Amino acid sequence: MKVFKGLAIGVLAISLAACEQGAGPKQGMGTVGGAVLGGLAGQAVGGGTGRLWATGAGVLLGALVGSEIGKSLDRADRQYMAQSTQRALETAPSGQAVQWQNPDSGHSGTIVPQQAYQNNGSYCREYTQTVNIGGQSQRAYGTACRQPDGTWQIVNN
């Protein structure tokens, strides 16, 4: 019976992942993994007739959480973004976009630095950053100042 329940949870998880239109491989795997773990957790805490409901709720909640985690920026995305940000702040002319893209995840973005200015002896630049994840675009604004070692550090506005 436990094998049947595990198989049912797996089938439901795969069905949920298939419903994710435009989902990348990480998001799909996150959905499946979250659904399976959520379903198993729901099965473990539910009792009697409530076990079926707890398992179903666990699958749905786990799929949702796993999907959100899977579509966020991974370590490689953040590395591409950080390298491009450093390059943009150090060498790009004001107003010129520097792009990055992770060919594995498909995530991408741009950094557009503004004119450098001095603040307490350090060179600083405001910038606009756009990140594209799964067809959704997010824009942020910030300020970074050049450190003595040549790197740029984001500072609070």
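Everything numeric in this text was worked out from a predicted model, so none of it was measured.

## Let's talk about the confidence of the model for the protein
When pLDDT is averaged along the protein, the result is 75; 53% of the residues meet or exceed 70. The secondary-structure element of the protein with the lowest mean pLDDT is helix H1 (residues 2–19), recorded at 48, while strand E1 (residues 98–101) shows the highest, at 96.

## Regarding the side chain of Thr-85
With respect to the helices and strands, Thr-85 occurs in helix H4 (residues 75–91). Side-chain polar atoms of Thr-85 contact the backbone oxygen of Met-81, separated by 2.8 Å. Dropping the residues within four chain positions of it, Thr-85 is found in contact with Ile-111 and Gln-129.

## Digging into the pairing of strand E2 (residues 108–119)
Alignment of E1 against E2, held across four bridges, turns out to be antiparallel. Bridge assignment links Val-98 to a residue of E2, and that residue is Ile-111. Joining the antiparallel neighbours E1 and E2 is a turn of six residues, in which Gly-106 adopts a positive phi near 85 degrees. Pairing between E2 and strand E3 (residues 122–133): ten bridges, direction antiparallel. Considered in E3, the bridge of Val-112 is made with Thr-128. Where E2 hands over to E3, the hairpin turn is made up of two residues, of which Asn-120 adopts a positive phi near 55 degrees.

## Focus: the environment of Asp-77
Structurally, Asp-77 is set in helix H4. Classification of Asp-77 by relative accessible area gives buried; the value is 0%. Residues Asp-77 and Pro-103 lie 26 residues apart in sequence; the distance between their C-alpha atoms is 9.4 Å.

## Description of the nonpolar core
Core analysis: the biggest nonpolar cluster contains twelve residues, these being Leu-73, Met-81, Ala-88, Leu-89, Ala-92, Val-98, Trp-100, Ile-111, Tyr-127, Val-131, Ala-144 and Trp-152. Elements with a contribution of two residues or more to this core: H4, E1 and E3. The leading source of residues in this core is H4, at three residues. Ignoring anything within four residues of it in the chain, the contact list for Val-98 reads Ser-84, Arg-87, Ala-88, Ala-92, Gly-109, Thr-110 and Ile-111.

Rules used throughout
One numbering rule holds for all chains: residues counted from 1, following each sequence as written. With the structure being a predicted model, the display of local features is reserved for residues of pLDDT at least 70 and the display and counting of side-chain atom pairs for 80 or more, all residues being used for whole-chain, interface and lining totals. As a rule here, side-chain values come from all non-hydrogen atoms in the structure, and water together with hydrogens is ignored. What pLDDT conveys is the predictor's confidence in a given residue, as a value from 0 to 100. Elements are defined by DSSP. Helices are runs of H or I of four residues or more, strands are runs of E of two residues or more, and each kind is numbered from the N terminus. Counted as a polar contact is a pair of N or O atoms within 3.5 Å, where, for protein atoms, one must be capable of donating a hydrogen and the other of accepting one, and residues adjacent in sequence contribute only when both atoms are in side chains. Throughout, a residue-residue contact means that at least one pair of heavy atoms, one from each residue, lies within 4.5 Å. Between any two strands, at least two bridges found by DSSP are needed for them to pair. Residue exposure (1.4 Å probe, protein chains only): buried if accessible area is under 20% of the type maximum, exposed if over 50%, otherwise partly exposed. Note on terminology: a nonpolar core comprises buried Ala, Val, Leu, Ile, Met, Phe, Trp, Tyr and Cys residues joined through side-chain atoms within 4.5 Å.

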